Amino acid sequence: AQSVTQPDIHITVSEGASLELRCNYSYGATPYLFWYVQSPGQGLQLLLKYFSGDTLVQGIKGFEAEFKRSQSSFNLRKPSVHWSDAAEYFCAVGGSNYKLTFGKGTLLTVNP
Amino acid sequence: GAGVSQSPSNKVTEKGKDVELRCDPISGHTALYWYRQSLGQGLEFLIYFQGNSAPDKSGLPSDRFSAERTGGSVSTLTIQRTQQEDSAVYLCASSLAGPRETQYFGPGTRLLVL
C-alpha cells in the first residue's frame, strides 16, 4: 500500500528565512511524487513533481524538492520565504494506478 | 482556459437526505478524480474515471456513495442517506491521460450534514 508521512503538522518561520518541509513516502515501485499547496478557500495547486531523472526538481514560486530514494524522502525547500507563502502544503505519491495518496499536510505560518 | 469547476460550492443537508455534487473538468481532460478532504482523515482518494468508465472505485467509503461520468466530461458524485460523518470538502480533479499528468483540482464542494 502507498502512504505519505508529513511529520510536521504546523511550522512557523519568519519572512525571509529558509524553509524545509519534510515528506516521507512508502510505495512498492517507482514513485511519482508531488507537492501541492492549498491557500485558504482555494483549491490545490501543483508546486512541482518528480518522476525520474535529476533528483532535484524546480517548481513554481521559487520552490524546489529533492528526491532521496535511500531515505524515501521528497522534502520541499525554499531559500527565502515570503508572507504570501503562508498556506497548507501537501506531499503526494502516485504511480501507474493513477490515484494520489496525500500526506496529512503541513500548515505554514509566516511571521513578518 | 477555464479550470475545473464544481457545484454547489457549499451544501447543507439533513441527515438521511441524498445529495449530488457536480464536477466540470477541464476541456479535453480524459481522466477525472474525486477526493474527499476532512479534518480527521486528510485528503482521501474516492474514485477515478478514464473517459466514462471507472477503473478504480476503491476509495468509495460505502455503497451509499456512487459516481458517474457522462459524455467523457461532467461527473456527478451522489451520496445517498447522508450521515454526519460525510461532512467534508469534496474535491474533483482532472488530467490528461497518463499517471504522470498533473491533476488539476477544482475549488471543492463543502458539504455539511446536520
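The sections below set out a description of the structure shown in this document.

Looking now at the pattern of salt bridges. Should the charged atoms of two oppositely charged side chains come close, the side chains can pair. All names here are of chain B. Per the counting criterion, the structure on display carries eight salt bridges over all chains. Between D24 and R22 there is a salt bridge; the shortest N-O distance is 2.8 Å. You can call R22 partly exposed: its relative accessible area is 37%. A salt bridge links R64 to D86; the shortest N-O distance between them is 2.8 Å. Taken together, the residues R64 in the loop between β6 (53–56) and β7 (65–69) and D86 in the loop between β8 (75–79) and β9 (88–95) connect sequence positions 22 residues apart. For the residue pair R64 and D86, the accessibility class agrees, reading buried in each case.

Now for the state of the cysteines. The full count for this structure, using the stated rule, is two disulfides over all chains. Disulfide partner of C23 of chain A: C91 of chain A, at an S-S distance of 1.9 Å. Classification of the bridge connecting C23 of chain A and C91 of chain A rests on its S-S torsion, roughly -65°, and on that basis the disulfide is left-handed. Within this pair, whereas C23 of chain A is found in the loop between β3 (19–21) and β4 (24–26), its partner C91 of chain A is found in strand β10 (residues 87–94), the two being separated by 68 residues in sequence. Residue classification places C91 of chain A among the buried residues on the basis of a relative accessible area of 0%. For C23 of chain B, the disulfide goes to C92 of chain B, at an S-S distance of 1.8 Å. What sets the handedness of the C23 of chain B and C92 of chain B disulfide is the S-S torsion sign, and at about -65° it is left-handed. Of this pair, C23 of chain B sits in strand β3 (residues 19–24) while C92 of chain B is found in strand β9, placing the two residues 69 residues apart along the sequence. Here the two residues C23 of chain B and C92 of chain B agree in accessibility, since each one is buried.

Calculation notes
- Residues numbered from 1 in each chain as written.
- Chains lettered and ligands numbered in written order.
- Predicted model: local features only at pLDDT ≥ 70, side-chain atom pairs only at ≥ 80, totals over all residues.
- Heavy atoms only, no water.
- Salt bridge = Lys/Arg side-chain N within 4 Å of Asp/Glu carboxyl O.
- Buried < 20%, exposed > 50% of the residue type's maximum accessible area, 1.4 Å probe, protein only.
- Helix = DSSP H or I, 4+ residues; strand = E, 2+ residues; numbered from the N terminus.
- Disulfide = S-S within 2.5 Å.

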